[in-house]
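What follows is the residue order along each chain.
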Protein chains: 4
Amino acid sequence: MNDHVAPTMDWRTVFPEEDRKIYEAARFGGQLEFGQNPAIMIIDVVDSFAGPKGQGIFDSINQYRTSCGEAGDAAIKVMANLLAIGRSLHVPIVYTKGSVVDKYYAGDSVKGTRPDEVERIYGAPIVAAIAPIDGEYVLEKTKASAFFGTPMASFLQRHRIDTLLICGTSTSGCVRASTIDAFSHGYQVFVLEDGVFDRSPMSNAVNLYEMNQKYASVINSSDAIAYLRKLKVAA
Amino acid sequence: MNDHVAPTMDWRTVFPEEDRKIYEAARFGGQLEFGQNPAIMIIDVVDSFAGPKGQGIFDSINQYRTSCGEAGDAAIKVMANLLAIGRSLHVPIVYTKGSVVDKYYAGDSVKGTRPDEVERIYGAPIVAAIAPIDGEYVLEKTKASAFFGTPMASFLQRHRIDTLLICGTSTSGCVRASTIDAFSHGYQVFVLEDGVFDRSPMSNAVNLYEMNQKYASVINSSDAIAYLRKLKVAA
Amino acid sequence: MNDHVAPTMDWRTVFPEEDRKIYEAARFGGQLEFGQNPAIMIIDVVDSFAGPKGQGIFDSINQYRTSCGEAGDAAIKVMANLLAIGRSLHVPIVYTKGSVVDKYYAGDSVKGTRPDEVERIYGAPIVAAIAPIDGEYVLEKTKASAFFGTPMASFLQRHRIDTLLICGTSTSGCVRASTIDAFSHGYQVFVLEDGVFDRSPMSNAVNLYEMNQKYASVINSSDAIAYLRKLKVAA
Amino acid sequence: MNDHVAPTMDWRTVFPEEDRKIYEAARFGGQLEFGQNPAIMIIDVVDSFAGPKGQGIFDSINQYRTSCGEAGDAAIKVMANLLAIGRSLHVPIVYTKGSVVDKYYAGDSVKGTRPDEVERIYGAPIVAAIAPIDGEYVLEKTKASAFFGTPMASFLQRHRIDTLLICGTSTSGCVRASTIDAFSHGYQVFVLEDGVFDRSPMSNAVNLYEMNQKYASVINSSDAIAYLRKLKVAA
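Residues numbered from 1 in each chain as written. Chains lettered and ligands numbered in written order. Predicted model: local features only at pLDDT ≥ 70, side-chain atom pairs only at ≥ 80, totals over all residues.

The next point concerns the overall build of chain A. Across its full length, chain A carries 10 helices and 6 strands. Its C-alpha radius of gyration of 17 Å places chain A within 12% of the 18 Å reference for a compact globule of 235 residues. On the principal axes, the C-alpha backbone points of chain A span a range of 50 × 45 × 30 Å. The buried share of chain A, reckoned over its 235 residues, is 60%. (Helix = DSSP H or I, 4+ residues; strand = E, 2+ residues; numbered from the N terminus. Rg over C-alpha atoms; globule rule 2.2 N^0.38 Å. Buried ≥ 20, exposed ≤ 12 C-beta atoms within 10 Å, placed from the backbone.)

Let us now look at the sheet that holds strand S4 (residues 163–169) of chain B. Residue and element names in this part refer to chain B. Pairing within the open sheet is parallel, and its 6 strands lie in the order S3-S2-S1-S4-S5-S6. Sheet topology places strand S3 (137–141) and strand S6 (217–219) at the edges, where each strand pairs with a single neighbour. When the angles between neighbouring strand axes are averaged without regard to direction, this sheet yields 25°. Where strand S1 (residues 38–43) and S4 come together, 6 bridges link them in parallel fashion. In the sheet register, Ile40 faces S4, and the bridge partner there is Leu165. Seen against the sheet, helix H10 (residues 221–234) touches S1, S4, strand S5 (188–197) and S6 and runs at an angle of roughly 135° to S5. (Pairing = 2+ DSSP bridges. Axes fitted to C-alpha atoms, helices over the stretch in contact; angles between N-to-C directions. Contact = placed C-beta atoms within 7 Å.)

At the junction of Thr169 of chain B and Ser170 of chain B, the peptide bond is cis and its omega measures out at -15° in the coordinates. Phi is positive for His90 of chain B, close to 60°, though the residue is something other than glycine. Tracing the sequence through the fold places His90 of chain B in the loop between helix H4 (71–88) and strand S2 (93–98). With a phi close to 60°, Asp44 of chain C is a non-glycine residue in the positive phi region. Mapped onto the secondary structure, Asp44 of chain C falls in the loop between strand S1 (38–43) and helix H2 (47–50). By C-beta crowding, Asp44 of chain C is classed as buried, having 25 other C-beta atoms within 10 Å.

Before going further, it helps to examine the relation of the copies chain A and chain B. Between chain A and chain B, which share one sequence, the superposing operator has a rotation angle of 180° and an axial displacement of 0.0 Å; the RMSD is 0.0 Å. Both copies of the chain, as the preceding transformation shows, are related through a two-fold rotation axis. (Least-squares fit on C-alpha atoms with pLDDT ≥ 70 in both.)

With 10 residues of chain D at the interface, the matching set in chain B holds 10 residues. Of all the secondary structure elements, the ones that give two or more residues to the side of chain D that touches chain B are helix H7 (152–158) and helix H8 (171–185) of chain D. Broken down by element, the side of chain D that touches chain B gets its largest block of residues, 4 residues, from H7 of chain D. Residues belonging to the side of chain D that touches chain B are distributed by class as follows: 2 nonpolar, 5 polar and 3 charged. (Nonpolar A, V, L, I, M, F, W, Y, C, P; charged D, E, K, R; others polar.)

Nothing here speaks to function; it is geometry throughout.
Below is the structure:
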């Protein structure tokens with residue numbers, strides 16, 4: 001295996017045909033409508049989860065055991081582009097990252113984290129290529145969901161947000177947990193297929209499929225950008 | 001395909017070897033410890049999600065579009081056995097089911113539900129073979145997680161519960177959402193591999209694997225029963 | 001004392017002048033702005049908290065120990081008028097009341113409730129003079145706040161509500177707890193001075209003063225109605 | 001009036017006799033039982049809320065508009081003593097203070113705060129006389145309640161806490177909001193009459209009375225200490 005080419009799986013076909021027929025028969029999977037007041041949410045894209053650019057997954061894990069390896073490289077480019085356009089259109093942007101203090105005392109988002117690892121893993125900064133600029137909110141969270149034990153819902157309500165465009169990592173971890181909660185809170189939720197990543201190619205694909213069935217519409221970043229442009233230029 | 005034999009996939013091997021190596025390298029997946037004060041949680045096992053016994057998935061979906069078909073038959077037997085033993089050992093038991101009123105007004109747990117379907121789907125009773133008995137709490141919930149917008153955490157705190165044994169359906173939906181929240185709340189969470197079910201065999205297997213990596217220990221009902229017996233007979 | 005005339009205290013002057021000077025010096029108490037999408041919230045106005053019309057407080061307590069006596073009579077007229085106008089202007093309306101099942105299993109909103117009282121106190125219907133009509137949401141809650149362990153925030157988000165007009169009982173109990181949470185969630189919160197009531201005249205006045213200092217603007221129902229008319233007729 | 005002697009009001013008698021008879025008739029106010037696993041919670045005792053020692057309220061407000069003046073001096077001594085004993089008995093201790101970042105972006109706990117004030121008010125450190133020591137959790141919160149949008153409940157569950165001893169400020173603000181939520185979560189809640197303070201003497205007294213009626217038992221620090229000693233020496 002070549003570590004340096006990130007393998008991918010197609011979320012539309014990762015499930016066996018039989019399972020897809022079941023989902024189809026159950027009539028899940030309908031399209032959500034874009035709202036009038038979107039925000040961009042960038043979940044947990046810190047150095048310890050993204051890993052150095054171009055580095056294979058196993059080497060990357062040797063450096064930070066939570067790293068997703070080179071799977072993040074393409075997604076980070078997508079996020080950088082989305083953020084540039086979002087900023088030019090004055091779309092509210094919110095980042096999340098782990099809180100060292102809260103995770104140390106109130107427990108991590110996943111099992112098995114040792115107390116002496118917390119600072120190294122969660123103290124890592126947001127990846128430089130998509131670093132927040134002045135005036136953008138970096139919400140520090142404790143658990144998997146961006147909403148659990150955080151003022152995220154208050155922030156969104158304060159800006160009267162009705163639509164979320166979600167990027168980040170990991171697809172099967174904090175992205176999925178945040179997506180479930182975002183839908184439960186009543187937002188129109190869109191997960192960007194090319195703006196999320198995971199250490200496991202299969203976890204990435206399966207979770208996109210399942211989120212698209214139940215809690216979100218999975219879209220391409222180009223569709224997200226077209227929506228923002230139409231909404232903001234028209235306004 | 002024969003509808004009447006539920007296909008299954010093994011959660012331990014559903015991921016490609018490469019992905020499992022990644023998870024292993026990342027050192028997720030450790031075993032949680034059983035606590036001193038467990039409760040049994042039975043999630044959403046109502047007629048409209050379980051379907052009639054022995055009926056194939058597509059026929060079952062024709063009756064209730066949310067049905068998981070015959071996948072639930074074996075799990076329901078496991079739950080019936082666990083509940084009988086739990087009752088004999090005075091273990092607190094809590095059921096969840098959907099609230100017709102709350103889902104109608106505050107929105108369903110998944111996208112795409114039509115208002116005129118809510119009563120039929122969520123008004124369905126808990127499956128007779130595992131029906132609650134007098135004095136057992138049936139908590140009506142609105143969203144996927146048993147904790148979201150419910151007094152579940154207050155109920156558990158009131159009984160000083162530290163350990164949850166989770167059964168029910170669907171593995172990829174309400175069980176996973178509840179498991180993430182249970183772990184985030186600080187419980188020791190155990191999901192019973194033979195006590196949960198899903199309409200999609202692959203969703204069932206993949207979600208067991210992922211929950212076992214991050215938020216819970218996936219165990220067999222025989223291990224759960226051995227734990228309860230040891231704890232309660234010793235006490 | 002004559003039980004049949006409800007004594008009242010003026011919330012604007014219930015505090016000693018010295019305390020009011022302190023609050024003034026601290027520059028709390030500013031006016032909130034009305035938003036674009038209001039809802040009316042009627043908190044816990046059930047027979048067991050309102051008591052029969054015209055009955056004095058101690059007689060009323062003999063019937064339902066939670067009764068607020070005749071203090072509710074005038075407020076209920078105010079609510080009936082507000083609801084009629086709100087309905088004619090298509091303003092979303094949400095009622096709360098206690099859930100018998102959830103309070104029995106997960107504990108009441110206040111200490112000291114005996115399990116054998118729960119059904120009688122919380123099974124009581126909403127006062128007939130302001131009963132909900134078809135299509136209005138009666139959200140059953142467990143604890144003091146209308147938001148705690150309920151899907152209230154999801155309901156409000158679904159309707160993109162930004163402004164709450166709060167009536168009901170008791171001012172010092174469920175109204176105050178709900179008002180704190182509503183403000184914490186990010187809503188513009190207005191408590192109607194003539195639409196809330198409490199068993200204790202002093203609790204009623206003191207809590208209006210304190211809510212007006214910190215979490216809400218306390219207004220007269222006439223101001224609420226003027227706002228709704230202006231907003232909806234203009235629209 | 002002499003600013004330098006903090007006036008006080010007795011919470012047991014601050015209500016008129018008639019109101020107290022109503023509360024008594026309603027049979028609120030019963031005593032809660034101490035549990036087996038207590039924690040000490042110190043709410044928001046930062047320089048900007050406590051003010052310099054011995055300084056009168058109006059001078060203090062001139063320095064920090066949120067200051068409670070000399071009302072905190074005696075309570076801080078009580079807290080220092082309780083903390084010393086709690087530490088010697090290995091009782092878990094948790095402090096709260098405002099989060100500058102979260103309040104700036106997600107909104108303050110009370111209305112009317114200007115963005116340019118947030119850093120000065122909430123960046124102030126915990127009062128030196130009761131400063132946390134190594135290994136004690138300082139949880140940064142956004143809103144009035146120590147539980148709202150925070151991982152407090154996860155922290156407490158992780159330590160299997162069943163009993164809270166609450167001190168801090170302001171009695172009518174963050175202490176009351178936290179007390180309501182603590183009770184709603186299912187804890188046995190004790191508010192220390194001599195360990196809390198408020199800028200308004202009447203708010204302090206009224207809120208102690210009301211919390212003691214509904215959500216907590218108000219006790220003296222000497223009773224809290226006797227409980228801790230009995231529990232931990234016996235253990």
